[in-house]
Every structure is written in structure tokens, then in C-alpha cells.
Amino acid sequence: MNTLLPTSSAGSLPKPVWLAQPEALWSPWKLEGQALIDGKHDALRISLHEQLQAGIDIVSDGEQTRQHFVTTFIEHLNGVDFETRKTVKIRDRYDASVPTVVGPVSRQKPVFVEDAKRLRAQTSKPIKWALPGPMTMVDTLFDNHYKSREKLAWEFATILNQEAKELEAAGVDIIQFDEPAFNVFFDDVNAWGIACLERAIEGLQCETAVHICYGYGIKANTDWKQSLGSEWRQYEETFPKLQKSNIDIISLECHNSHVPIELLELIRGKKVMVGAIDVANNTIETPEEVANTLRQALKYVDADKLYPCTNCGMAPLARDTARDKLRALSAGAAIVRKELLTEHLKANKVL
């Protein structure tokens, strides 16, 4: 990335109201057949345009063609029955009706590659593409076949690696794996979760990222956050091993959270996507608020390794709110970018 402090969104962006019900997760599509296919393509173009208008440096598809960041990928796999559903506790905190693994899982064909090609053809900007991580996939299913979270995660890691290699060939610059489960199942993360993630990135030449946050701004997540106390130290459980992993970038939540900023010291040397936008409320951050979050992070992350980002995806927000938050992110990054340039020029006695 040639831009200092390149900005990006952590994941999903709101869909147009004509495509899906707004401000909701697992929102049903409003179109069918070819109209739905065309609508998804149009929404991808709109999402890209809005990111560019907001000044975002690393763009994405905004997950416009997906109903959910995990289940849409799983829908395309063999071995998973969406008609046979069970209620499970996702992320160990809220019940959800999920599909069932009934046989060996496999991938018949690419899932998102055509969408990635379509996005690549529309922009010369760096592209980031999000995939669900193996552990979070396992945690969003009922397994009636492998009867082992670890065994199923290894199978998913192999499938994700296949998809990631084809996304890279389609022109994707950063492949991000979303692992909110890493903030919950600490023993499993250290025992096999990070190893499965490294299997998913095996052989990739593009940059890789893992996104670990405290979830979308939905009630189940905000209630959980309120139970975590005055300091959120979950990252402390996994950062040491992630620092030693082959993952290039770690994406995390910072702004308006109770994560002690000094925990970033545990991943010093890694590139860090610092969440400087709160996705759990509709208040638009000021550029100065964004800048202050970045200044705090710069105490522990080198400037050339800091990537300003949102805390999580913004699908549950109104579109105008998400647009304004992206603009604030870009404006705040520009403030700090200018400060760093001034410091550099002074240090070299140019000013």
C-alpha cells in the first residue's frame, strides 16, 4: 500500500433498501431470479462508488451479494443441510437457528470469485475480501457428522484455502478471515484455531488478515459487552500467539471500547487495522475523535503498519450513517497523516 495510513472498512456495508430489508442481519432479499442477480451486481457498484466518494483507500465488495458473513459461504458447500436446522448458542452468548453438517464438507466451485473479478474490473484501488474464519464457521453450525469442532475446522481451513487462492488469482490484494470466535474460545484458539487459520492462508502471496472484534452492534453483542467490566482484555489471550503467526495483518476493535490500547504492544511488528469507528451506535465520529484513536495506537504500532478501519461491519446501520462514518474515518486519517508528514519534514530539517 503506497498510502500512509490506508483506510478501509472491516466488512459489511448497508445494502440498498430495494435489495434487502435495511438495518438488519440475515435480511431477506427483496428480489428473485435474474432481478436478484442484477440487483446484487448493481449494489456492488454502488458500494464501491460510496467507498471511493468517502475517500476509502482499500475498498471491498461491502458484502453486498451476501445475506450473512458466514452462512452465505457455507450455503455453497456440500455436506451442509440448510433444511435441517438446530438451535445453538453462537459465540457462547445467543441462540440462533443454524444449518446442520450431515456429511463430509467440500467445495464444488468458487463461491465469491466472480464477484471479486467484477469488483477488480471496476477499480484500480487495492481490494480487501473477507471470508469467514474456520473457527467462526464451526461456531455457526450444528455438527452431526464430524462430532469434533477441531476436525471440522481443519476441513473448512482446506476449503477456505482453495477459495482464497482463486480470489488472489482474481486480483484481490488482501484476504481477511473474520474470526469473532477468537474473542471467546481462548483455549481452542491457542490449541488449534490459529493453526487452522495458517492452513487457510497456506501458499498465498497476497497479504492476509484476521479480523477479531466484539461483534456487530446488535443487542446480544451490546449486552455481552456490558458484562465484560471496565477493561476488555480478551485480546491478551490470543495476541501473543498471533504475533508469532504467519498472518500479516490483525484487525481489531478500539474506538469506544474498553480494550486497553497498550495490548497492541503484544502484536508489535504486525500490521494492525485499528478500529477507529464505533459500529454499535449511530453517532458520527468527528475527524478529531478518529485522529485521537489513531494517535493512541501509534504509541504501539509503527506508522507504516497502521491501517485505520472500522470496529466491525456496518450492515445493521442506515446507509447514510455508514457513509458519514466512512467519511469521518478518512478525514481523521488525513489529519494524522499530515501530522506525521510534518514531523518527518521537521526531523529531516526540511521545515
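Model, not experiment: these values are computed from the prediction. (Residues numbered from 1 in each chain as written. Predicted model: local features only at pLDDT ≥ 70, side-chain atom pairs only at ≥ 80, totals over all residues. Heavy atoms only, no water.)

Trainee: Go over the sheet that holds strand β8 (residues 271–275) with me, naming the residues and quoting the values.
Mentor: The strand order β3-β5-β6-β7-β8-β9 describes an open sheet built from six strands, whose pairing is parallel. Of all strands in the sheet, those bounded by a partner on one side alone are β3 (128–132) and β9 (306–309). Pairs of neighbouring strands in the sheet enclose a mean axial angle of 25 degrees, with direction left out of account. The pairing of β8 with β9 spans four bridges and is parallel. Within β9, the position partnered with Val274 by the bridge is Pro308. (Pairing = 2+ DSSP bridges. Helix = DSSP H or I, 4+ residues; strand = E, 2+ residues; numbered from the N terminus. Axes fitted to C-alpha atoms, helices over the stretch in contact; angles between N-to-C directions.)

Trainee: Give me the sheet that holds strand β1 (residues 77–90): which residues, what numbers.
Mentor: The mixed open sheet is built from three strands, whose spatial order is β1-β2-β4. Taken across any chain shown, the strands that pair with only one partner, and hence form the sheet edges, are β1 and β4 (142–143). Sitting on the sheet, helix α5 (residues 149–169) is in contact with β1, β2 (94–107) and β4, with an inclination near 75 degrees to β2. (Contact = heavy atoms within 4.5 Å.)

Trainee: Tell me about the environment of Lys305, residues and numbers included.
Mentor: Residue position: Lys305 is located in the loop between α9 (287–297) and β9. In this structure the C-alpha to C-alpha distance between Lys305 and Leu31, which are 274 residues apart in sequence, comes to 42 Å. For Lys305, the contacting residues outside a window of four places in its chain are Gly269, Lys270, Lys271 and Val272.

Trainee: Hey, could you go over the side chain of Thr71 for me, with residue numbers and the actual values?
Mentor: One can find Thr71 in helix α2 (residues 71–74). On the accessibility criterion, Thr71 (7% relative accessible area) is buried. A polar atom in the side chain of Thr71 sits 3.4 Å from the side chain of Trp26. If near-sequence neighbours (up to four positions away) are discounted, Thr71 is found in contact with Trp26, Phe82 and Thr140. (Buried < 20%, exposed > 50% of the residue type's maximum accessible area, 1.4 Å probe, protein only. Polar contact = N/O pair within 3.5 Å; in protein donor to acceptor, adjacent residues only side chain to side chain.)

Trainee: Give a detailed account of the environment of Cys312, specifying residues and quantitative values.
Mentor: If you trace the backbone, Cys312 turns up in the loop between β9 and α10 (319–347). Assessed through its relative accessible area of 6%, Cys312 is described here as buried. Counting along the chain gives 101 residues from Cys312 to His211, while the straight-line C-alpha distance between them is 8.3 Å.

Trainee: So what's going on with unusual backbone geometry? Residues and values would help.
Mentor: Among all residues save glycine, negative phi is the norm, and among peptide bonds the norm is trans. Within the chain, Glu63 stands out as a residue other than glycine whose phi angle is a positive 55 degrees. You can see Glu63 is positioned in the loop between α1 (33–53) and α2. Positive phi, normally seen in glycine, also occurs at Asn256, with a value near 65 degrees. Along the chain, Asn256 turns up in the loop between β7 (249–253) and β8.

Trainee: How would you explain the packing of helix α6 (residues 186–200) against helix α8 (residues 235–243) if you had to name every residue and give the values?
Mentor: At their nearest, the axes of α6 and α8 sit 9 Å apart, and the two run at 15 degrees to each other. One finds that α6 runs roughly parallel with respect to α8. Judged by the twist between their axes, the crossing of α6 over α8 is right-handed. For the pair α6 and α8, the contacting residues are Phe186, Val189, Asn190 and Ile194 in the first and Glu237, Thr238, Lys241 and Leu242 in the second. Counted by class, the contact of α6 with α8 contains four nonpolar, two polar and two charged residues. (Parallel < 35°, antiparallel > 145°, perpendicular 65-115°, else oblique. Left-handed = near helix turned anticlockwise from the far one by under 90°. Nonpolar A, V, L, I, M, F, W, Y, C, P; charged D, E, K, R; others polar.)

Trainee: Please set out the packing of aromatic side chains residue by residue, giving values where relevant.
Mentor: For the coordinates displayed, the defined rule picks out three aromatic pairs. Pairing Phe73 with Phe112 gives two aromatic rings, centres 6.0 Å apart and planes at 40 degrees, and the pair type is tilted. On the criterion of sequence distance, the pair formed by Phe73 in helix α2 and Phe112 in the loop between β2 and α3 (113–120) is long-range, its members being 39 residues apart. The exposure class of Phe73 is buried, given its relative accessible area of 0%. For Phe112, a relative accessible area of 2% translates into the label buried. Here a set of aromatic residues connected by ring pairs shows up, and it is made of Phe73, Phe112 and Trp129. Lying over the aromatic face of Phe185, Arg149 brings its terminal NZ or CZ to 4.8 Å of the ring centre. (Phe/Tyr/Trp six-rings, centres within 6.5 Å; stacked < 30°, edge-to-face > 60°. Lys NZ or Arg CZ within 6 Å of the ring centre and 35° of its normal.)

Trainee: How would you sum up the packing of α9 against α10? Please name residues and give values.
Mentor: The contact between α9 and α10 brings their axes to 7 Å, and the two run at 55 degrees. Taken together, α9 and α10 sit at an angle that is classed as oblique. Read as a crossing pair, α9 and α10 show a hand that is right-handed. Side by side, α9 and α10 meet where Pro287, Glu288, Val290, Ala291, Leu294 and Arg295 of the first sit next to Ala328, Leu329, Ala331, Gly332, Ala333, Ile335, Val336 and Glu339 of the second. Partitioning the contact of α9 with α10 into residue classes produces 10 nonpolar, one polar and three charged.

Trainee: So, the pairing of β3: which residues are in play, and what are the values?
Mentor: Counting buried positions along β3 yields five of five residues, so the element is predominantly enclosed. Here β3 shows two buried faces, one formed by Lys128, Ala130 and Pro132 and the other by Trp129 and Leu131. Pairing geometry for β3 and strand β5 (residues 174–178), over five bridges, is parallel. By the bridge assignment, Leu131 is partnered in β5 with Phe177.

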